[in-house]
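Fold and contact review
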Amino acid sequence: MLTIALNKGTRILGKCLPLLAAAGIEPAEDLGATRKLVVPSKCGAARLVIMRGDDVPTFVEYGAADIGIVGKDTLLETNATDYYERLDLGVARCNLMTAGEPNATPPVGPLRVATKFAKTAVAFFAERGQQVSIIKLSGALELAPQLGLADQIVDIVETGATLKANGLVPLEVVTEISTRVIVNRVAMKTSHAEIEPLLGRLRAAVSARAANAVEAS
Ligand code: PRP
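Residues numbered from 1 in each chain as written. Predicted model: local features only at pLDDT ≥ 70, side-chain atom pairs only at ≥ 80, totals over all residues. Heavy atoms only, no water.

Observations regarding the overall build of the protein chain
If you tally the helices and strands in the protein chain, you get eight helices and 11 strands. By principal-axis analysis of the C-alpha atoms, the protein chain measures approximately 60 × 40 × 30 Å. Pairs at least 24 apart in sequence give 67% of the contacts found in the protein chain among residues at least 6 apart. Accessible surface for the protein chain amounts to roughly 11300 Å². Of this, 53% is attributable to carbon and sulfur atoms. (Helix = DSSP H or I, 4+ residues; strand = E, 2+ residues; numbered from the N terminus. Contact = heavy atoms within 4.5 Å. Areas by Shrake-Rupley, 256 points an atom, 1.4 Å probe, with all protein chains shown as cover.)

What follows is the structure, given as structure tokens:
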């Protein structure tokens, strides 16, 4: 039985479950209603394990889960790197962006940037040769410019509504984000006969979804 680690955040979970269902993996219980963290699939070929996105790469790296479904933003930040990134599901698409107050005067010293995506932000500003001071926060980043903690933030922007509601404007795209499928290296060999067909069915589900979107537009 394959163990599939899923990010419990609704941004990803709600969009991945239909793709998994199209690939033959449907939870035996409603994941939104149950308090269980491990739910078998109806077909019995897999079990779905619900956890914080940050923990998905760790479970996959150590082989506690064979497969993980997680945002690229998490993969860019995690220290767990020993797994295969096999598929872009193309869902929960958003941008990691810099944002700040409109028409803000540039600071005299280094730009103060609040983010929970510290590694990605450091790499972005280093690439541009811009000196910044990174302030690590764990959420509600939009507060930082409003309360004078930082000049800018680096955060996920999907619709832009959260920035707007907090008087901030998007500035530059740091990187594009979407949901990825990662696979444990050992499982890729030992459970190849199960994993490779599942990846194939997921790939087909992603293509079918894209084709439907084109037809609908
Ligand atoms: C993200 C991000 C913003 C919001 C942006 O938070 O940190 O707050 O989504 O989305 P929008 O552009 O559609 O308004 P998320 O909901 O993922 O919660 P989190 O802060 O707990 O990660």
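Next comes the rest of the account.
A few points about the sheet that holds strand β6 (residues 94-100)
Here we have five strands laid out as an open sheet, ordered β8-β7-β9-β6-β10, and mixed in their pairing. Edge positions in the open sheet fall to β8 (132-136) and β10 (169-177), since each of these has one partner strand only. Adjacent strand axes in the sheet meet at a mean angle of 30°, parallel and antiparallel pairs treated alike. Pairing of β6 with β10 involves six bridges; the strand directions are antiparallel. Paired with Met97 across the bridge in β10 is Val173. (Pairing = 2+ DSSP bridges. Axes fitted to C-alpha atoms, helices over the stretch in contact; angles between N-to-C directions.)

So, the sheet that holds strand β5 (residues 84-88)
With mixed pairing, six strands are arranged side by side in an open sheet as β2-β3-β1-β4-β11-β5. Each edge of the sheet is formed by a strand with only one pairing partner; in this case those strands are β2 (38-40) and β5. For this sheet, the mean angle separating the axes of adjacent strands, direction not counted, is 25°. Across four bridges, β5 lies against strand β11 (residues 179-183) in antiparallel orientation.

Considerations on the nonpolar core
By size, the foremost hydrophobic cluster in this structure holds 31 residues, and its most contacted members are Ile4, Leu6, Ile69, Leu89 and Leu202. Of all the secondary-structure elements, those providing two or more residues to this core are β1 (2-7), α1 (10-22), β3 (46-51), β4 (67-71), β11, α7 (185-190) and α8 (192-216). Tallying contributions element by element places α8 first for this core, with six residues. Dropping the residues within four chain positions of it, Ile4 is found in contact with Ile25, Ala46, Arg47, Leu48, Val49, Ile67, Ile69 and Leu198. Judged by nonpolar contacts, the second largest core, of 12 residues, contains Phe117, Ile156, Val174 and Ile177. (Core = buried A, V, L, I, M, F, W, Y, C linked by side-chain atoms within 4.5 Å. Buried < 20%, exposed > 50% of the residue type's maximum accessible area, 1.4 Å probe, protein only.)

Considering the packing of aromatic side chains
As enumerated under the stated definition, the model contains one aromatic pair in all. Pairing Phe124 with Phe125 gives two aromatic rings, centres 5.0 Å apart and planes at 75°, and the pair type is edge-to-face. What makes Phe124 buried here is its relative accessible area of 13%. Take Phe125: its relative accessible area is 2%, and that puts it in the buried class. Sitting over the face of the ring of Tyr84, Arg185 holds its NZ or CZ atom 4.5 Å from the ring centroid. (Phe/Tyr/Trp six-rings, centres within 6.5 Å; stacked < 30°, edge-to-face > 60°. Lys NZ or Arg CZ within 6 Å of the ring centre and 35° of its normal.)

A look at the site of the ligand
The environment of the ligand is formed by Arg11, Lys116, Glu142, Asp155, Ile156, Val157, Glu158, Thr159, Gly160, Ala161 and Thr162. Between the ligand and Gly160 there is a distance of 2.7 Å, counted from an oxygen atom to a backbone nitrogen or oxygen. Take Ala161: an N or O atom from its main chain is 3.5 Å from an oxygen atom of the ligand. Starting from 500 Å² of accessible surface for the ligand in isolation, the protein chains cover 64%. Elements with a minimum of two residues in the shell around the ligand: β9 (152-157) and α6 (161-165). (Near = heavy atom within 4 Å. Polar contact = N/O pair within 3.5 Å; in protein donor to acceptor, adjacent residues only side chain to side chain.)

Overview of the environment of Thr10
Here Thr10 lies in helix α1. Owing to a relative accessible area of 71%, Thr10 belongs among the exposed residues under this scheme. C-alpha separation for the pair Thr10 and Gly32, spaced 22 residues apart in sequence, amounts to 9.2 Å.

Some remarks on the domain arrangement of the protein chain
Often, the extent of an interface is quoted as the loss of accessible area on bringing the components together. Once the domains are mapped, the protein chain shows domain 1 (2-92 + 178-216) and domain 2 (94-176). Taken residue by residue, the interface counts nine residues in domain 1 and 10 residues in domain 2. The contact between domain 1 and domain 2 buries some 820 Å² in all, and 42% of this surface belongs to carbon and sulfur atoms. Our count for the contact surface shared by domain 1 and domain 2 stands at one salt bridge. Put simply, Lys15 and Glu158 hold a salt bridge, and the shortest N to O gap is 3.4 Å. Seen at the junction of domain 1 and domain 2, the total is six residue pairs in polar contact (both at pLDDT 80 or more). For the side of domain 1 that touches domain 2, the secondary-structure elements that each account for two or more residues are α1 and α3 (72-77). Per-element tally for the side of domain 1 that touches domain 2: the top contributor is α3, with three residues. Its residues placed into classes, the side of domain 1 that touches domain 2 shows two nonpolar, three polar and four charged. (Domains from an automatic or database assignment. Buried area = accessible area lost by both parts, 1.4 Å probe. Salt bridge = Lys/Arg side-chain N within 4 Å of Asp/Glu carboxyl O. Nonpolar A, V, L, I, M, F, W, Y, C, P; charged D, E, K, R; others polar.)

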